[in-house]
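Overview (structure and organization)
Each chain, written out:
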Amino acid sequence: MPASYDRLRKFRRGVPMVVRALSALLLTDSALSATPRAPMTVENDRPMSRTDFFNVTARRPGDSHSADASDLLNGQLGYSSYAAGGVANLPVLNGMADDRVATIVDGMRMGDGCPNHMNPIMSYVDPDSVSVARAIAGITSVSEGGDSIGGSVLIKRRPLEFSKTHSVLVTGRARGDYRSNGGGSGASGSVTVANDMWSLRYTGSYAHASDYRTGGAGHRVRSTSYLSFNHAVTAGFQKGADAADLTFGQQDIPYEGFPNAYMDMTNNRSSFVNGHYKGAFAWGTLEARGFWQRVNHVMNMLADKGGHSATTGMPMNTDKRTVGYSVDVTIPLSTRHRLMMGSQFFHDGLNDWWPLLWAAK
Ligand SMILES: [Cu+2]
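The structure displayed is predicted, hence computed values, not measured ones.

1. Describing the coordination of the copper ion
For the copper ion, the full set of protein donor atoms is Cys 114 (SG), Met 118 (SD), His 297 (NE2) and Met 299 (SD), at a range of 2.0 to 2.7 Å. Relative to the metal, the four donor atoms surrounding the copper ion lie at angles of 84 to 123°, and the coordination shape comes out irregular. Motif for the copper ion, donor spacing along one chain: C-x3-M-x178-H-x1-M. Here Cys 114 falls in the buried class, since its relative accessible area comes to 3%. Residue class for Met 118 comes out buried when judged on its relative accessible area of 1%.

Take a look at the structure:
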């Protein structure tokens with residue numbers, strides 16, 4: 001008699017993750033200085049209130065075949081990652097990972113959604129599209145989101161380009177790579193059409209690998225294959241000190257093997273909208289952002305773990321919705337002091353269910 005699975009449906013909706021309202025900070029210029037301290041070190045007995053951070057100008061190394069944006073921070077003291085799927089490494093700061101590390105991409109703070117953390121936020125980011133990756137170990141300041149024990153990873157994609165003259169600017173970039181082991185290949189590129197006020201950019205990427213083979217005996221390492229597509233369109237406007245942009249993006253991962261789990265990702269689609277405004281006024285500056293993201297996540301076993309179909313494996317599905325906004329105001333009080341105020345809200349809605357196997361009927 002075939003094994004059966006009870007249908008399990010869980011609703012966890014309407015859970016506000018973070019509400020930060022009107023938290024005011026009075027900071028001196030020295031506290032606001034962007035000069036980084038020395039790279040952080042791992043010390044078990046250091047005070048929890050101490051915060052170190054490091055910035056990486058995240059240009060993907062020319063000899064890197066990794067399609068995972070989390071690898072951009074590799075080699076930094078205190079930073080490591082748990083290897084998982086081909087594009088799904090989990091960032092670790094001073095030994096703390098998972099939900100203890102907040103990951104914020106272009107101001108969007110998002111949770112993984114998958115209970116196995118198969119789709120961490122950096123897996124949605126094409127490493128070639130990143131301009132700055134920043135890791136903050138320890139307690140994160142309120143002005144950068146806060147509410148994370150382990151620390152925060154902040155990712156910024158490349159800024160929009162505008163023409164410096166009244167003529168139309170058409171520019172772009174392209175990159176490709178290939179490795180023979182596992183037939184790994186990747187390509188990415190972008191095209192921008194802009195004048196001095198408006199800019200329109202398309203960014204796309206692709207990454208694929210079959211199962212790789214070990215050195216020496218050349219054994220195939222199962223569940224190490226993956227396939228990923230990223231698309232994003234950004235429209236932006238700037239005039240003087242005012243700037244606004246709106247991005248629509250979608251990522252598809254039709255499959256991704258996880259050699260460290262008795263489960264694989266058999267489909268993941270993320271769609272998002274992210275809008276941003278920054279303006280300068282006589283009284284100070286205003287920066288506002290609003291975003292929405294939908295993730296449809298499907299887990300089961302790839303063929304080398306028993307196959308995935310309506311009659312085999314262990315299907316688990318997740319639908320997730322995230323919405324949030326942030327408003328930040330900076331008011332100069334004197335040559336040495338400024339007042340920063342902000343309001344921030346994030347909402348995560350999660351729906352998990354395990355489809356009934358037809359063979360169990
Ligand atoms: Cu999953």
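2. Some details on the pattern of salt bridges
Summed over the entire model, instances satisfying the criterion amount to seven salt bridges. Among the salt bridges present, the one from Arg 220 reaches Asp 211, with a minimum N-O distance of 2.5 Å. Judged by relative accessible area, Arg 220 falls into the partly exposed class, the value being 42%. One salt bridge in this structure joins Lys 305 and Asp 264, with 2.7 Å as the shortest N-O distance. In this pair, Lys 305 is assigned in the loop between strand S15 (284–300) and strand S16 (316–332) and Asp 264 in strand S14 (residues 264–281), connecting sequence segments 41 residues apart. Lys 305 gets classed as buried once you look at its relative accessible area, which sits at 15%. For Asp 264, a relative accessible area of 0% translates into the label buried. Connected through shared salt-bridge partners, Asp 128, Arg 175 and Asp 177 make up one network.

3. Quick notes on the packing of aromatic side chains
The final tally for this structure, using the stated rule, is five aromatic pairs. Between the aromatic rings of Tyr 206 and Phe 229, the centroid separation amounts to 5.9 Å while the plane-to-plane angle is 40°, which identifies the pairing as tilted. With a gap of 23 residues between them, Tyr 206 in strand S11 (residues 198–209) and Phe 229 in strand S12 (residues 226–239) connect regions that are remote in the sequence. The exposure class of Tyr 206 is partly exposed, given its relative accessible area of 30%. Considering the side-chain rings of Phe 281 and Trp 283, the 5.3 Å spacing of their centres and the 0° angle between planes classify their relative orientation as stacked. Taking the relative accessible area as the measure of exposure, Trp 283 reaches 41% and is therefore partly exposed.

What counts, and at which threshold
Residues numbered from 1 in each chain as written. Predicted model: local features only at pLDDT ≥ 70, side-chain atom pairs only at ≥ 80, totals over all residues. Heavy atoms only, no water. Donors = N, O, S within 2.8 Å, 3.2 Å for Na, K, Ca; no water. Tetrahedral: all angles 85-135°; square planar, octahedral: opposite > 155°, others 65-115°. Buried < 20%, exposed > 50% of the residue type's maximum accessible area, 1.4 Å probe, protein only. Salt bridge = Lys/Arg side-chain N within 4 Å of Asp/Glu carboxyl O. Helix = DSSP H or I, 4+ residues; strand = E, 2+ residues; numbered from the N terminus. Phe/Tyr/Trp six-rings, centres within 6.5 Å; stacked < 30°, edge-to-face > 60°.

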